[in-house]
Amino acid sequence: MFVKNSYQQLSLYDSFDDMPNYLQDYLRNSWAHTFQKIIFPAINEERFAVLYSDKGSRPNTPVNIIISSLIIKEIFDLTDERLVANIHLSMEFQYALRLTSEKRPPVSKNTFFNFRKRVRKYYQENGIDLIQQEVESLADIIANHLDIEGNKARVDSFMVSSSARELSRIELVYSVNAKFIKMLSKSFEDLIPEDLEVYLEKSHRNDVIYRTKNDETKRKLEKLLEDAKALYDKAVSTGGKVIETEEFLLLKRMLGEQTQDDDFDNIDPKDGKDLESDTLQNPSDPDATYRKKYEANIGYTANVVEIFDENNSVIKSYDFKPNIYSDQDFSADTLEKLSNDQTLNVSIDNPLKIFMDGAYYTYELAKEALTLGIKFMPGELTGKKPAADKMTYYENFNLDSNLENILSCTKGIKPEYQEKDEDEKSFYAIFSKEACNNCPKQSQCRIKSNKKHNSVSFSEKRYEMGRLRKTMGEKEYIKECNQRAGIEGIPSVFRRKYNVDNMPVRGELCQKIWFGFKVAAVNFKKLFKGLKLVTT
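Everything numeric here is computed off the predicted structure, so don't read it as measured data.

> Quick question: what am I supposed to make of the side chain of S162 here?
Looking at where S162 falls in the secondary structure, it is placed in the loop between strand 1 (152–161) and helix 8 (169–187). Only 2.5 Å separates the side chain of S162 from the side chain of D285, close enough to count as a polar contact. Each residue touching S162, except ones within four places of it in the same chain, is listed here: D285, A288, I298, G299 and Q511.

See below:
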């Protein structure tokens, strides 16, 4: 049963009051005081009421204590066991959690496991990440305390490795088969084909995988896929609960991805180059995907959006996806989220500037963003660069302010005829050959010479991209975009201080929940450092 514990009063016999004054002063100047004063009371416990029964039962451990504890766990890089020990034994931790009046803190080593399990289950069933909602809500509160206006943001993404080991194809197929057979041995033992009972022998894995000569690899893979097909056929013919198990679904997925036909009529293995990047990489982490960016990675991609000013910054928003999710996808998601954010005071006249690298930028998204009071500020652009010996269409032609008509070329020559295709958002114009013949910029011009006249056609997008490239070369723009550099250290921080590549959980949802608490820890450190700067 959910019971709110929004504020804990100090009792007359609070242990804090029994401490010497110099120790009280130490706590008041420590991270614990900032935490208990700003973070702890800001946690929205009612957000998590949906995790608990509304029937009369034993009340829950206070949610603000759980959330606060899991943030502190990441600040100090603790295991759950060490976290519980510190809460029970450390006055600093108890002070941060407002537990100094309690005879015994209401947490045990199962408290945090059970809470994360509830959060994950709710996420799976409803598609709502309560931790992300809470962490981003706390980010807004931190931004207010640091007086960050929120009119500038920067965005970056980075790979997060799965803790699951990279497997060869033989290891993968064997592991899926063995996992399914192990499940059958516990609940459906009579379904195991007699010739496949060897999978249950301890030495069988090593015999199959590690005692394979190079010229035996293809045949062993074929044999393992034949075993998988036999297991699949046996399960399908039996039906019932066995085909609803996670192990069967992994077996079915693996067969579909690794063999020639999705209907399993042809179970010859696919050529390695034909395997998709979202193919199952390891049955212990089925959400992890493969991507080669700088170097091969199996796992996920984290995306962070940081608002900042001259002195402070805070991660306002984040996301966590399989690593085949592109930066442009993150860009679209970020645009949707920020455009609906009521805490941002932005408008077309006063846009939020988002500094990004070229992988996030598309003309279409940038155009939509401007209508929502958001301005994309790429530091570079991807794709083919314009020819160095030609003007861009923006440099070559003058359009009216509404981008409806071609007024003239760069030398002031007006077209004899021009039109705009509203559906295609493209322009077409005819120029006099006589007028063009004596132009000193003829060699740099985009005009095409025809028998009777010269003509040009180009899209609105190409024109505007030319304008952007010219703007990107200006000193003031370059100086502004240099502010994005502040976020490029974030991936290193998450790796070095928060061990993001070694999270002790697997699966997209589980890892995203853990990542959320790491984001909260990063933000708290930004808060503590920012407030220290103000007082010194």
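> Help me understand the sheet that holds strand 9 (residues 417–421), please; the structure alone is not making it clear to me.
With antiparallel pairing, the four strands of this open sheet are ordered in space as 9-10-12-11. Strand pairing shows two members of the sheet lacking a second neighbour, strand 9 and strand 11 (448–449), which therefore form its edges. In terms of strand pairing, strand 9 meets strand 10 (residues 426–431) through five bridges, oriented antiparallel. Note on strand 10: the bridge partner recorded for E419 is Y428.

> Which parts of the structure should I look at to understand helix 10 (residues 217–238)?
Residues lying three or four places apart along an α-helix face the same way, a consequence of the helix completing one turn every 3.6 residues. For helix 10, spanning 22 residues, the distance from its first C-alpha to its last is 32 Å, which sits close to the expected 32 Å at 1.5 Å a residue. Within helix 10, the full set of buried residues consists of K220, L221, L224, L225, D227, A228, K229, L231, Y232 and A235. For helix 10, the elements touching its buried residues are helix 8, helix 9 (204–209) and helix 11 (246–258).

> How do you make sense of the environment of S455 when you look at a structure like this?
Following the sequence through the fold, S455 ends up in strand 12 (residues 454–459). In this structure the C-alpha to C-alpha distance between S455 and D140, which are 315 residues apart in sequence, comes to 54 Å. When near neighbours in sequence (up to four residues on either side) are disregarded, S455 contacts Y428, A429, I430, I447, K448 and N450. A distance of 2.9 Å separates polar atoms of two side chains, one belonging to S455 and the other to N450.

Rules and cut-offs
- Residues numbered from 1 in each chain as written.
- Predicted model: local features only at pLDDT ≥ 70, side-chain atom pairs only at ≥ 80, totals over all residues.
- Heavy atoms only, no water.
- Helix = DSSP H or I, 4+ residues; strand = E, 2+ residues; numbered from the N terminus.
- Polar contact = N/O pair within 3.5 Å; in protein donor to acceptor, adjacent residues only side chain to side chain.
- Contact = heavy atoms within 4.5 Å.
- Pairing = 2+ DSSP bridges.
- Expected span 1.5 Å × (residues − 1).
- Buried < 20%, exposed > 50% of the residue type's maximum accessible area, 1.4 Å probe, protein only.

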